[in-house]
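# Survey of secondary and tertiary structure
Chain by chain, the residues:
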Amino acid sequence: CLDLYGQNPAAGTVIDVWQCVPGLKGQQWLVDTGTLSIRSVVDPTKCIDTGNLNSGTQLRLQACTGSSQQRIGWDSFGAVRAAISSYCRRTSVSA
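Residues numbered from 1 in each chain as written. Predicted model: local features only at pLDDT ≥ 70, side-chain atom pairs only at ≥ 80, totals over all residues. Heavy atoms only, no water.

## Structural notes on the nonpolar core
We apply this condition: By nonpolar core is meant a set of buried Ala, Val, Leu, Ile, Met, Phe, Trp, Tyr and Cys residues that side-chain atoms within 4.5 Å join together. Only protein chains enter the accessibility calculation, which uses a 1.4 Å probe. A residue is then buried if its area is under 20% of the maximum for its type, exposed if over 50%, and partly exposed in between. By the criteria applied, helices consist of DSSP H or I runs no shorter than four residues and strands consist of E runs no shorter than two, each listed in order from the N terminus. The contact definition used throughout considers only heavy atoms, calling two residues in contact when any of these lie within 4.5 Å.
By size, the foremost hydrophobic cluster in this structure holds nine residues: Leu 2, Leu 4, Ile 15, Trp 29, Ile 38, Ile 48, Leu 59, Leu 61 and Ile 72. Every element with two or more residues in this core is listed here: strand 1 (2-4) and strand 6 (59-63). Residues within four places of Ile 15 in sequence aside, it is in contact with Leu 2, Asp 3, Leu 4, Trp 29, Ile 48, Leu 59, Arg 60 and Leu 61.

## A closer look at the pattern of salt bridges
Put simply, the rule is: When a carboxyl oxygen of Asp or Glu lies within 4 Å of a side-chain nitrogen of Lys or Arg, that pair is called a salt bridge.
Considering all chains together, one arrives at one salt bridge under this definition. Measuring nitrogen to oxygen at the nearest pair gives 3.3 Å for the salt bridge that ties Asp 43 to Lys 46. This pair shows no difference in class: Asp 43 is buried, exactly as Lys 46 is.

## Concerning unusual backbone geometry
Not every positive phi belongs to a glycine, and Gln 7 is a case in point at roughly 55 degrees. The class for Gln 7 is partly exposed, based on a relative accessible area of 33%. One non-glycine residue with positive phi stands out, namely Leu 36, at about 60 degrees. Residue position: Leu 36 is located in the loop between strand 3 (29-32) and strand 4 (37-40). Taking the relative accessible area as the measure of exposure, Leu 36 reaches 28% and is therefore partly exposed.

## Considering the pairing of strand 2 (residues 14-17)
Heads up, the rule is: Pairs of strands are assigned from DSSP output, requiring at least two bridges between the strands.
Strand direction decides the pairing type here: strand 1 and strand 2, joined by three bridges, are antiparallel. Residue pairing in the sheet places Leu 2 in a bridge with Val 17 of strand 2. Two strands pair when backbone bridges link them, and strand 2 and strand 6 are joined in this way by two bridges, in the antiparallel orientation. For Ile 15, the partnering residue across the bridge sits in strand 6 and is Leu 59.

Now the structure itself:
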């Protein structure tokens, strides 16, 4: 699951891949298919942000601005992809 580290809604908090925990709000997301933004259930004014899109850059939570770095979706292999980049983040975790 995509996991908001420590369920901390502060801007800049890292979003990582972690084992899914039922009911954990830090792993619950609101997907807006119209804007391709993914908002946090912990704080719906914050979105997943891909940052500078350089290889190895961590996903982080930031104020929703509608920027291209916040236009995100999934491909058919389950990888999170920024709409403006070929970079992806794997979302599957082995138990």
